[in-house]
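The chain contents come next:
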Amino acid sequence: MEHRGKREVAIVGRPNVGKSALFNRLVGRNIAIVHDQPGITRDRISAESRRGDFILWDTGGIGGAGESELVEEVHRAAETAMSEADLLLFLVDAQEGLTPIDQELARRLRRSRRPVLLVINKIDHPKHENLAAEFSRLGFESVTISAAHGRGIDSLVKVIERELPAADTKEKITALSVAIVGRPNVGKSSLINAILSDRRTIVSRLPGTTRDAVDVAYRRGNDHFLLIDTAGIRPRGKHSSSVEVFSVMRSERTIRRADLCVLVTDATSGVTAQDKKIAALMQKAHKPSLVVVNKWDLLKPELRKRETLAKLTRETREQLFFLSYAPVLVASALTGENVEELFRLIAKIRRASRDQVGTGLLNRLLREAFVANPPPAIANQRLKLFYATQTREEEEPLLATPEFVLFVNNPQLVTNTYARYLEAQIRAARPFLGLPLMLDFRPRAQGRTL
Ligand code: GDP
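The rules behind the values
- Residues numbered from 1 in each chain as written.
- Predicted model: local features only at pLDDT ≥ 70, side-chain atom pairs only at ≥ 80, totals over all residues.
- Heavy atoms only, no water.
- Near = heavy atom within 4 Å.
- Polar contact = N/O pair within 3.5 Å; in protein donor to acceptor, adjacent residues only side chain to side chain.
- Helix = DSSP H or I, 4+ residues; strand = E, 2+ residues; numbered from the N terminus.
- Nonpolar A, V, L, I, M, F, W, Y, C, P; charged D, E, K, R; others polar.
- Expected span 1.5 Å × (residues − 1).
- Buried < 20%, exposed > 50% of the residue type's maximum accessible area, 1.4 Å probe, protein only.
- Arc of directions from axis to C-beta.
- Contact = heavy atoms within 4.5 Å.
- Phe/Tyr/Trp six-rings, centres within 6.5 Å; stacked < 30°, edge-to-face > 60°.

A few points about the site of the ligand
Close contacts around the ligand come from 18 residues, with Asn185, Lys188, Ser189, Ser190 and Asp297 the closest. One nitrogen or oxygen atom from the side chain of Ser189 is found 2.4 Å from an oxygen atom belonging to the ligand. Within the side chain of Asn294, a nitrogen or oxygen atom sits 3.0 Å from a nitrogen atom of the ligand. If you tally residues by element for the shell around the ligand, the top one is helix α6 (residues 188–196), at 3 residues. Of the residues contributing to the shell around the ligand, the split by class is 6 nonpolar, 6 polar and 6 charged.

Okay, here's the thing in structure tokens:
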């Protein structure tokens with residue numbers, strides 16, 4: 001999934017300077033819908049500004065923390081914003097005056113070498129303009145506003161537009177679209193919650209959301225993700241078989257749209273028939289996949305942890321044998337255990353998708369495979385392999401499905417069992433974790449047998 005890179009503006013500032021008020025002013029609409037999304041914490045949201053052509057990040061929002069943690073949080077949020085935004089709005093409170101936290105933030109912002117615009121808030125009346133004077137020694141270009149009263153917002157937007165790079169010079173951002181699928185009640189919403197409320201996740205919500213499919217965009221470090229069709233995840237507490245049928249149909253559509261699918265199952269119930277149905281859809285759609293066995297905490301993991309884990313993983317693999325390429329991760333959305341590991345796995349799958357089996361190695365290992373276990377004769381004919389090669393993508397996609405072309409005497413002689421056998425031989429050389437392999441058998445009349 002790709003979208004054009006939008007310019008990004010981040011609001012940075014200590015608590016209570018009016019970041020939310022400014023955010024709402026610049027976004028130009030009520031962002032309550034963002035709050036409706038599970039787990040999107042108020043403190044790491046972004047929205048497209050209707051007042052200007054940019055995406056606005058609210059990085060601050062720190063509540064309830066003690067003084068020292070609070071400073072830490074402000075700094076961390078600022079750190080993230082500094083590494084990613086095209087323009088930083090450094091918000092201060094004119095009525096409070098310049099505080100030590102402001103000064104410390106200013107130092108860090110200066111070091112970031114990003115463009116910074118000092119926005120002096122709570123100048124509710126022209127006669128308060130003189131309060132802005134003391135901030136001038138921070139040395140940033142500044143504007144005065146009153147976010148609460150909407151004063152100075154128009155000129156702020158003009159300055160932002162002037163400071164930002166031209167709209168079309170930003171490179172394309174590519175986000176990996178991830179579908180979280182599974183039957184009701186396995187904990188999909190809870191997992192999404194756990195992901196989105198994780199400190200390393202920065203949530204945004206980008207255009208492209210249709211009425212019935214809600215896509216949530218977020219990023220971790222430099223990786224952009226799009227959780228797709230989170231609206232398909234049913235609200236809590238509804239149970240009915242029609243919900244189950246609906247969820248399979250819906251999953252099918254969602255799976256097709258995804259670059260990567262995460263099947264969530266419930267550790268307490270084991271793999272059910274319905275889990276298998278959804279897994280089969282993932283396999284049929286040839287989607288890079290992984291399985292999260294959720295609710296690990298309910299198995300009292302403190303007892304015989306390693307054995308229980310190994311057993312759970314093994315049983316899940318056995319039940320989902322047709323999706324054997326998908327790694328299985330045991331996790332708990334409730335405690336957050338292994339949620340971080342999920343991202344490590346996704347990164348691993350992405351790396352694996354760039355693996356190439358060299359043509360020499362590929363042909364050697366397939367030739368050996370033919371010798372070790374010759375294909376069955378069908379109507380007096382036997383499959384012969386001439387040459388095989390792994391196709392290379394011209395333009396590197398986000399997550400390529402490895403594809404192999406095998407030139408044979410007659411593709412009709414390839415049985416499913418034999419194709420699976422050859423696939424296993426390739427995987428023995430390169431596991432291609434989480435990735436389906438496509439074997440494309442093509443006829444070739446003449447040529448040497450290997
Ligand atoms: P969904 O239908 O798949 O989205 O499932 P929900 O996220 O609504 O979760 C269903 C129920 O399982 C809720 O009561 C959750 O609180 C609970 N739940 C989800 N994940 C976990 C977990 O990891 N551990 C425990 N103990 N409960 C969980």
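Okay, back to it.
Here we look at helix α9 (residues 305–319)
Its 15 residues give α9 an end-to-end C-alpha distance of 21 Å, which sits within 8% of 21 Å, the value for a rise of 1.5 Å per residue. Listing the buried residues of α9 in full gives Leu312, Thr313 and Thr316. All buried residues of α9 fall inside an arc of 95° around its axis, so they share one side. Next to the buried residues of α9 lie β13 (289–294) and β14 (328–330).

Notes on the packing of aromatic side chains
Here the structure, examined in full by the defined rule, presents 8 aromatic pairs. Aromatic side chains Tyr218 and Phe343 sit 6.2 Å apart centroid to centroid with 90° between the ring planes, which places their arrangement in the edge-to-face category. Here the residue Tyr218 occupies a position in strand β10 (residues 216–220), and Phe343 occupies one in helix α10 (residues 339–352), the gap between them amounting to 125 residues. Just as Tyr218 is buried, Phe343 falls in that class too. Centroid distance Phe404 to Phe432: 6.1 Å. Interplanar angle 75°. Geometry classified as edge-to-face. Here Phe432 lies in the loop between α12 (416–429) and β19 (438–443) and Phe404 lies in strand β18 (residues 403–408), a separation of 28 residues in the sequence. For Phe404, a relative accessible area of 1% gives the class buried.

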